[in-house]
Amino acid sequence: TVGDAARAYLAAVGVQPQRACVAAAGPLIDGEVRFTNSDWVLRKSEMVDALGLTDLSIVNDFYALAAGVGHLGPADLRTVKDGLPVAGAPQLVIGPGTGLGQALIVPTPAAPTIVPTEGGHVAFAPRTDKEAEIVRFIAREHPRVSVERLLSGAGLVAIHCALRERAGAPPVSMAASAVTQAAIDGTDAIAAEAAALFCEILGRVAGDAVLATGARGGVFLGGGILPKIQEIFLTSGFVETFLDKGRMQAYVEATPVRLIVRDGAALYGAASALDARS
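Residues numbered from 1 in each chain as written. Predicted model: local features only at pLDDT ≥ 70, side-chain atom pairs only at ≥ 80, totals over all residues. Heavy atoms only, no water.

Once that is clear, we can look at the packing of aromatic side chains. For any two aromatic rings, the description comes down to two numbers: the centre-to-centre distance and the angle of the planes. For the coordinates displayed, the defined rule picks out 3 aromatic pairs. Taken together, Phe 233, Phe 238 and Phe 242 form an aromatic cluster joined through their ring pairs. Stacked on the ring of Tyr 251, the Lys or Arg Arg 216 has its end atom at 4.1 Å from the ring centre. (Phe/Tyr/Trp six-rings, centres within 6.5 Å; stacked < 30°, edge-to-face > 60°. Lys NZ or Arg CZ within 6 Å of the ring centre and 35° of its normal.)

Quick look at the structure:
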């Protein structure tokens, strides 16, 4: 359970906190998070009792990452695309990991408002025959193919498996980390193709999210995958697909895009969420 994991961690570091903030990967509904990509369920009352806390705050994981953006410096970010942010427009925080997290940073007179969303679960719209084949491959197991089914660790594996089948190559069992490493090392051409396509699809989805939310204040890319494949990502077709919006290209053109490279950036946001309750 989440409580077991938390107790094991606290025992390992020798700390017994009185107050805590947990950033969880799933929507927070009535004080409870049912993890989207895990069987875990996080309930506030159970965690308070399990850890002996006097106060517990629960937030979405991308809420925490978005709240942490304001605490990052220039060295914590890499420029993916330059641009001039539109004053007063929201900012988008998006990134693939175990799922595809998204949140908005909405400027307000007092302080920015963080709005976590479940945009990773919108339906994926293939643009090419190759992508349509990948969708059909994934749909054998998941009839409704969301963008998260492609833009996540499991999604990268699915893309790789689908491309191998398309190429007539024998099936293999590879974790997402093995696919990315093979792409980085140049030892597997299909893995390299999968990583490149992953980045291109992410560009299109991120650009679509800017259109849908008006987040022309800037895009911050997070999650656990992109920092591990930085060089592949930064030379990929991400920017081209981000801008490929037909008659709406001018709407997204000025939007700057930054990659978060600071480990544990969401911890700053979780800490600030806890401080806000003080």
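There is more to say after this.
The next thing to look at is the packing of helix α4 (residues 129-139) against helix α5 (residues 153-167). Running from N to C, α4 and α5 cross one another at 110°; their axes reach a closest spacing of 9 Å. Considering the angle they form, α4 stands roughly perpendicular to α5. When the axes of α4 and α5 are compared, the crossing they make is right-handed. Note on element contacts: α5 touches α4 through Ala 158, Ile 159, Cys 161, Ala 162, Leu 163, Glu 165 and Arg 166, opposite Lys 130, Glu 133, Ile 134, Phe 137 and Ile 138. Within the contact of α4 with α5, the residues separate by chemical class into 8 nonpolar, no polar and 4 charged. (Axes fitted to C-alpha atoms, helices over the stretch in contact; angles between N-to-C directions. Helix = DSSP H or I, 4+ residues; strand = E, 2+ residues; numbered from the N terminus. Parallel < 35°, antiparallel > 145°, perpendicular 65-115°, else oblique. Left-handed = near helix turned anticlockwise from the far one by under 90°. Contact = heavy atoms within 4.5 Å. Nonpolar A, V, L, I, M, F, W, Y, C, P; charged D, E, K, R; others polar.)

Our focus in this paragraph is helix α1 (residues 2-13). With 12 residues, α1 ought to run about 16 Å at 1.5 Å a step, and its terminal C-alpha atoms sit 17 Å apart, in line with that. Turning to α1, its buried residues are Val 2, Gly 3, Ala 6 and Leu 10. Here the buried residues of α1 occupy an arc of 95° about the axis, which is enough to place them on one side. Exposed and facing more than 90 degrees away from the buried side of α1 are Ala 11 and Ala 12. Looking at the packing, one finds that the buried side of α1 touches β4 (41-43) and α2 (44-51). Gly 14 sits one or two positions beyond α1 and adopts a positive phi of about 70°. (Expected span 1.5 Å × (residues − 1). Buried < 20%, exposed > 50% of the residue type's maximum accessible area, 1.4 Å probe, protein only. Arc of directions from axis to C-beta.)

Our next topic: the side chain of Asp 76. Within the fold, Asp 76 resides in the loop between α3 (61-69) and β6 (77-81). Among the polar contacts listed, one links the side chain of Asp 76 to the backbone nitrogen of Gly 73, at a separation of 2.8 Å. Sequence-distant contacts of Asp 76, defined by excluding residues within four places in its chain, comprise Leu 259, Ile 260, Val 261 and Arg 262. (Polar contact = N/O pair within 3.5 Å; in protein donor to acceptor, adjacent residues only side chain to side chain.)

The next subject is the nonpolar core. Ile 159, Leu 221, Phe 233, Phe 238 and Phe 242 are the most contacted members of the largest nonpolar core, which has 48 residues in total. The biggest single contributor to this core is helix α7 (residues 189-213), with 13 residues. With residues near it in sequence (within four places) discarded, Leu 221 still touches Val 80, Ile 94, Leu 226, Phe 233, Phe 238, Val 257, Arg 258, Leu 259 and Ile 260. (Core = buried A, V, L, I, M, F, W, Y, C linked by side-chain atoms within 4.5 Å.)

Attention shifts here to the pattern of salt bridges. Pairing is possible between side chains that carry opposite charge, provided their charged atoms lie close to one another. For the structure shown, the criterion picks out 14 salt bridges. Across the pair Glu 133 and Arg 166 runs a salt bridge, and its minimum N-O distance is 3.2 Å. In this pair, Glu 133 sits in helix α4 while Arg 166 sits in helix α5, placing the two residues 33 residues apart along the sequence. For Glu 133, a relative accessible area of 31% puts it in the partly exposed group. Taking the relative accessible area as the measure of exposure, Arg 166 reaches 42% and is therefore partly exposed. Here Lys 245 ties to Asp 208 by a salt bridge, and the two come within 3.3 Å at their closest N and O atoms. (Salt bridge = Lys/Arg side-chain N within 4 Å of Asp/Glu carboxyl O.)

For the structure on display, the rule yields 0 disulfides. Looking at Cys 199, it has no disulfide partner, and the nearest cysteine sulfur is the one in Cys 161, 18 Å off. (Disulfide = S-S within 2.5 Å.)

This part takes up the packing of α4 against α7. The geometry of α4 relative to α7 is characterised by a closest axis approach of 13 Å and an angle of 95° between their N-to-C directions. Viewed along their axes, α4 and α7 adopt a mutual orientation that is roughly perpendicular. For the pair α4 and α7, the contacting residues are Lys 130, Glu 131 and Ile 134 in the first and Glu 193, Leu 197, Ile 201 and Arg 204 in the second. For the contact of α4 with α7, the class distribution of residues is 3 nonpolar, no polar and 4 charged.

With 7 of its 9 residues buried, α3 lies for the most part within the structure. For α3, the full list of buried residues reads Phe 62, Ala 64, Leu 65, Ala 66, Ala 67, Gly 68 and Val 69. Among the residues of α3, the N-terminal cap falls to Asn 60, whose side-chain oxygen and the backbone nitrogen of Phe 62 are separated by 2.8 Å.

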